[in-house]
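The residues making up each chain are set out below.
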Amino acid sequence: SPDYVSAAYAFEKAAVSFKAAGDPDQAVEAARRGASAHSKTENEAAAAKCLELAADALLARASSTGAEILAATQDAERAAALLSEASGLYRVAGELSKAANVMSSKAKALETAADRLPKANESRAKLLQQALE
């Protein structure tokens, strides 16, 4: 039978390495696989942590000074979706304070992305609305 525990931690380690190497897309893929493996062992809190790692990798790229506004906005939206998923997993695990903290991080990420857009941009309003959800 598959060793999901070992696989989960190996994927998590790979995600950290990809993030450090500046490859957020590979970091997200590895973290998602880690989260999936943790879920197979019913360790929702560890799965949520992997999703937070994936979101952090995207937010790091979004906040870099050379990031294009559109790409940064898309990264922030992807990160927000990952953080929503992580929050749900923390709730399932009974870690309600972590779930709330993750939702706060989601709101902050979306607010930061919205602040980079011109006030008249319709995407700005959409991001701010998502931050309130």
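As shown above, the structure is provided for reference.
Throughout what follows, the structure given in this document is the object of discussion. Every chain's residues receive numbers from 1 upward, in the order its sequence appears when written. Note on the predicted model: pLDDT of at least 70 is required for a residue's local features to be given, and 80 or more for side-chain atom pairs to be given and counted; whole-chain, interface and lining totals, by contrast, use all residues. By convention in this description, side-chain values take in all heavy atoms of the structure and omit both hydrogens and water.

Observations concerning the overall build of the chain
For step 1, the next point in the chain: Counting from the N terminus, the helices are DSSP H or I runs at least four residues long and the strands are E runs at least two residues long. Within the chain one finds 6 helices and 0 strands.
For step 2, the next point in the chain: Put simply, the chain runs from its N terminus to its C terminus through helices and strands in the order α-α-α-α-α-α.
For step 3, the next point in the chain: For 133 residues, the compact-globule formula gives about 14 Å, and the C-alpha radius of gyration of the chain, at 15 Å, lands near that figure.
For step 4, the next point in the chain: Dimensions of the chain, computed from the C-alpha atoms along their principal axes, are close to 55 × 30 × 20 Å.
For step 5, the next point in the chain: Only protein chains enter the accessibility calculation, which uses a 1.4 Å probe. A residue is then buried if its area is under 20% of the maximum for its type, exposed if over 50%, and partly exposed in between. Burial analysis of the chain (133 residues in total) assigns 38% to the buried set.
For step 6, the next point in the chain: Long-range contacts, defined here as pairs at least 24 residues apart, represent 56% of the contacts in the chain between residues at least 6 apart.
For step 7, the next point in the chain: Of the roughly 7,300 Å² that the chain leaves accessible, carbon and sulfur atoms contribute 53%.
For step 8, the next point in the chain: The average position of the 16 basic charges and that of the 18 acidic charges among the side chains of the chain differ by 2 Å. Restricting the calculation to C-alpha atoms gives the radius of gyration, and the globule rule supplies 2.2 Å times the number of residues raised to the power 0.38. Two residues form a contact once any of their heavy atoms are found within 4.5 Å. Surface accessibility in these figures is a Shrake-Rupley result with a 1.4 Å probe; residues are shielded only by whichever protein chains are displayed. We score Asp and Glu as negative and Lys and Arg as positive, and we do not count His or the chain ends. Note on charges: their place is set at NZ of Lys, CZ of Arg, CG of Asp or CD of Glu.

Here we look at the nonpolar core
For step 1, the next point in the chain: Among the nonpolar cores identified, the biggest contains 22 residues, and Leu51, Leu82 and Tyr90 are the most heavily contacted of them.
For step 2, the next point in the chain: The biggest single contributor to this core is helix 3 (residues 44-62), with 9 residues.
For step 3, the next point in the chain: Discounting residues that sit within four places of it in the chain, Leu51 has contacts with Arg32, Ala35, Leu82, Glu85, Ala86 and Leu89.
For step 4, the next point in the chain: Counting residues in each nonpolar core, the second largest holds 8 residues, with Leu110, Ala114, Leu127 and Ala131 among its members. Among buried residues, the Ala, Val, Leu, Ile, Met, Phe, Trp, Tyr and Cys ones that are joined through side-chain atoms within 4.5 Å form a nonpolar core.

Re the packing of helix 5 (residues 96-115) against helix 6 (residues 122-132)
For step 1, the next point in the chain: Relative to each other, helix 5 and helix 6 sit at 165°, their axes nearing to 8 Å. Classified by the angle between their axes, helix 5 and helix 6 sit roughly antiparallel to one another. Considering how the two elements wind past one another, helix 5 and helix 6 form a crossing that is left-handed. Packed against helix 5, whose contacting residues are Lys106, Ala107, Leu110, Glu111, Ala113, Ala114 and Asp115, the element helix 6 presents Arg124, Leu127, Leu128, Gln130 and Ala131 at the interface.
For step 2, the next point in the chain: The residue classification treats Ala, Val, Leu, Ile, Met, Phe, Trp, Tyr, Cys and Pro as nonpolar and Asp, Glu, Lys and Arg as charged. All others, Gly included, are polar. Of the residues contributing to the contact of helix 5 with helix 6, the split by class is 7 nonpolar, 1 polar and 4 charged. Orientation is described by lines fitted to C-alpha atoms, with helices fitted over the stretch in contact, and by angles between N-to-C directions that extend from 0 to 180 degrees. Throughout this description, any angle smaller than 35 degrees is read as roughly parallel, any larger than 145 degrees as roughly antiparallel, any in the 65 to 115 degree range as roughly perpendicular, and the remainder as oblique. In this scheme the handedness of a crossing depends on how the near helix is turned from the far one: anticlockwise by less than a right angle means left-handed, clockwise means right-handed.

Focus on the side chain of Lys106
For step 1, the next point in the chain: Of note, Lys106 is situated in helix 5.
For step 2, the next point in the chain: Here Lys106 falls in the buried class, since its relative accessible area comes to 8%.
For step 3, the next point in the chain: Within the local environment of Lys106, its side chain forms a polar contact with the side chain of Ser84, the two groups lying 3.2 Å apart.
For step 4, the next point in the chain: Not counting chain neighbours up to four residues away, the residues in contact with Lys106 comprise Ala80, Leu83, Ser84, Gln130 and Glu133. Identification of polar contacts relies on pairs of N or O atoms within 3.5 Å, with a donor-acceptor requirement for protein atoms, meaning one able to donate a hydrogen and the other able to accept it, and with residues adjacent in sequence counted only if both atoms are side-chain atoms.

Brief notes about helix 4 (residues 69-92)
Each turn of an α-helix holds 3.6 residues, which means side chains three or four residues apart point in the same direction.
For step 1, the next point in the chain: One less than the residue count of a helix, multiplied by 1.5 Å, gives the span that helix is expected to have. The terminal C-alpha atoms of helix 4 lie 35 Å apart, and with 24 residues this matches the ideal 34 Å at 1.5 Å per residue to within 8%.
For step 2, the next point in the chain: Phi turns positive, to about 80°, at Gly94, one or two residues after helix 4.

Some remarks on unusual backbone geometry
For step 1, the next point in the chain: Phi angles above zero are rare outside glycine, and Glu42 is one such case at about 60°.
For step 2, the next point in the chain: Its location among the elements puts Glu42 in the loop between helix 2 (24-40) and helix 3.

Quick look at the pattern of salt bridges
For step 1, the next point in the chain: Whenever a carboxyl oxygen of Asp or Glu lies within 4 Å of a side-chain nitrogen of Lys or Arg, that contact is scored as a salt bridge. Taken as a whole and judged by the stated rule, the model has 9 salt bridges.
For step 2, the next point in the chain: In this structure, Asp25 engages Arg61 in a salt bridge whose closest nitrogen and oxygen atoms are separated by 3.1 Å. You can see Asp25 sitting in helix 2 and its partner Arg61 sitting in helix 3, a full 36 residues away along the chain.
For step 3, the next point in the chain: Salt bridges sharing partners connect three or more residues here, namely Asp25, Arg61, Asp75 and Arg78.

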